[in-house]
Amino acid sequence: MANSATPPPDNTQLHRAVTSSFFGSVIEYYDFLLYATASAVVFSRVFFTDLDPLAGTVASFGTFAAGYLARPLGGVVFGHYGDRLGRKRMLVLTMTLMGAVSFLIGVLPTYEQVGSWAAVLLVLLRVLQGVAVGGEWGGAVLMSAEHARTRRGLWASFTNAGAPCGMVLSTAALTGTGALVGEEAFLAWGWRVPFLLSIVLLAVGLFVRMRVEETPVFAASRRDPAKESRLPLLDLLRRHPRNLLLAVGVGLAAFIAQGTLTTFLIAHGVQTGHERQTVLNALTLSSALAVFGIIGWSALSDRLGRRPVVLAGAALMAVFGFVLFPMVDAGSALLLTCALVLGQSVIHPMMYGPLAALYAEMFSTRNRYTGASLGYQLSGMGAGLAPLLFAEVQRASGGGATLVVSLVIAAFCVLTMVCILLLGETSGKDLSEETETAGAPRPAGAGSLPSP
């Protein structure tokens with residue numbers, strides 16, 4: 001039963017919170033993943049023109065990885081103030097920062113104009129992108145999860161569903177611009193247009209976000225001094241170190257797979273002979289379908305529990321990693337599309353969708369923003385480092401060695417399976433209560449949350 005100090009549920013605010021989290025996530029990931037797609041198809045030819053193609057791809061993915069490395073910093077900084085001052089304030093700041101940085105990338109000078117300074121400025125802006133998205137995810141998830149009283153997995157999953165929507169928009173923006181202006185103009189200036197459009201998305205997102213109230217769980221905790229923490233990070237490390245480590249392990253396989261499917265595979269597909277547009281079309285389709293996969297599997301995790309859904313996804317992805325590259329390397333556009341749809345739209349969402357609610361359930365209100373953000377963003381570095389690592393493996397092997405990539409994916413899937421088993425089930429947790437340890441016994445009927 002919910003804590004009596006927590007106000008009764010407000011469905012209007014719940015729906016506003018979910019809408020705000022979804023659109024905020026779409027905008028944040030439009031900007032963040034727009035860079036990912038551009039790093040695979042444009043930046044190596046615009047900012048690293050003095051390098052050979054494979055080395056340019058590695059350098060481009062290096063700047064892409066810099067954003068992921070900065071995400072834990074964003075999680076700690078915004079998580080600290082989100083646990084101290086509230087979720088809503090931080091979400092307004094993260095969205096503003098992301099929109100401004102993406103616009104600046106759109107006006108950045110190229111290597112031909114300012115030499116190596118172009119790459120330096122690109123890395124700096126990418127780091128700021130990482131800080132912004134690192135603070136966004138945790139707050140957006142908590143806005144939905146802490147407003148929800150039933151079907152927490154479903155409502156929280158809309159934040160994760162925003163990521164593939166952002167991918168669809170970013171890929172469509174690059175694809176549409178390239179089709180309209182042609183290859184030469186696209187490389188000269190057309191790639192800037194999708195980045196400049198982010199300022200329009202920012203205005204829409206802020207309008208939606210400003211209409212949402214602070215979460216009732218956080219508001220109730222503010223009225224109880226015993227639930228406040230002056231240093232949420234230290235409180236987290238003292239009270240929930242095991243949960244934090246398990247959170248990182250549970251999410252790693254999902255992010256390794258995500259980086260492989262949405263970034264590395266773009267460059268690999270083009271290098272193996274597929275037309276760039278063919279690869280982008282397959283990515284757009286699989287990203288659109290992934291929205292339904294994320295929401296569907298997350299809703300199922302409310303009924304079956306988070307653990308069985310994530311376990312099944314990790315096991316399937318471990319096997320699928322050995323099928324993925326033969327399908328892409330066959331040279332068939334149909335097989336390429338099937339590989340991306342199966343991987344990104346069906347299997348990956350089983351691991352990724354339930355993470356939103358699961359991470360919220362692993363920590364106490366006093367350090368939930370910090371804990372969920374840091375666990376998610378530390379594991380999220382896998383999505384940034386995997387393409388860089390795999391591209392370097394390809395460069396060193398002269399373009400082959402996809403078996404190594406498949407083995408790495410399988411190894412991290414096994415790690416995720418071990419961590420989710422150690423963690424235990426979390427879906428029956430009341431977010432207004434304290435969380436002391438992972439792996440606590442699951443209460444009867446925990447497959448669905450108690451009705452209000």
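Here's a quick rundown of the structure.

Parameters and conventions
- All residue numbers here refer to positions counted from 1 along the written sequence of the relevant chain.
- Whole-chain, interface and lining totals are the exception, using all residues; otherwise, since this is a predicted model, local features are given only for residues with pLDDT of at least 70 and side-chain atom pairs are given and counted only at 80 or more.
- With hydrogens and water stripped out, all remaining heavy atoms of the structure feed into the side-chain values.
- Segments assigned H or I by DSSP are reported as helices when at least four residues long, segments assigned E as strands when at least two residues long, and all are numbered from the N terminus.
- Categorising residues by exposure relies on relative accessible area from a 1.4 Å probe, with only protein chains included: less than 20% of the type maximum marks a residue as buried, more than 50% marks it as exposed, and the intermediate range marks it as partly exposed.
- The definition of a polar contact used here is a pair of N or O atoms within 3.5 Å, where within protein one atom must be able to donate a hydrogen and the other to accept one, and adjacent residues in sequence count solely through side-chain atom pairs.
- We call two residues in contact whenever any of their non-hydrogen atoms come within 4.5 Å of each other.
- Only one rule defines a salt bridge in this text: a Lys or Arg side-chain nitrogen within 4 Å of an Asp or Glu carboxyl oxygen.
- Axes here refer to lines fitted to C-alpha atoms; in helices the fit is confined to the stretch in contact. Angles between the N-to-C directions go from 0 to 180 degrees.
- Orientation labels follow simple angle bins: below 35 degrees gives roughly parallel, above 145 gives roughly antiparallel, 65 to 115 gives roughly perpendicular, and whatever is left gives oblique.
- The crossing is said to be left-handed when, going from far helix to near helix, the turn is anticlockwise and less than a right angle, and right-handed when the turn is clockwise.
- Ten residues, namely Ala, Val, Leu, Ile, Met, Phe, Trp, Tyr, Cys and Pro, are considered nonpolar, four, namely Asp, Glu, Lys and Arg, are considered charged, and the remaining ones, Gly among them, are considered polar.

Observations regarding the side chain of Ser198
Secondary-structure assignment places Ser198 in helix H10 (residues 198–209). In this structure Ser198 comes out as buried when scored by relative accessible area, which is 0%. Within the local environment of Ser198, its side chain forms a polar contact with the backbone oxygen of Phe195, the two atoms lying 2.6 Å apart. The residues touching Ser198, leaving out its near neighbours within four places in the chain, are Tyr30, Asp31, Gly99, Ser102 and Phe103.

Topic: the pattern of salt bridges
Using the criterion set out here, one finds ten salt bridges in the structure. Residues Asp235 and Arg238 are paired through a salt bridge, measuring 2.9 Å at the closest nitrogen-oxygen approach. Note that Asp235 and Arg238 are positioned in helix H12 (residues 232–239) at a spacing of three residues, about one turn of the helix. Look at Arg238 and you get exposed, because its relative accessible area is 58%. Here Asp302 makes a salt bridge to Arg306, at a shortest N to O gap of 2.9 Å. The burial state of Asp302 is the same as that of Arg306; both residues are buried. Connected through salt bridges with shared partners, the residues Asp83, Arg87, Glu146 and Arg368 form a single ionic network.

Here's the deal with the packing of helix H13 (residues 241–271) against helix H14 (residues 276–304)
Following both chains from N to C, one finds H13 and H14 inclined at 155°, their axes separated by 9 Å at the closest point. When the interaxial angle is binned, H13 and H14 end up roughly antiparallel. Between H13 and H14 lies a crossing of right-handed hand. Every residue of H14 that contacts H13 at Leu261, Thr262, Leu265, Ile266, Gly269 and Val270 is listed here: Arg276, Val279, Leu280 and Leu283. Here the contact of H13 with H14 is built from residues that sort into seven nonpolar, two polar and one charged.

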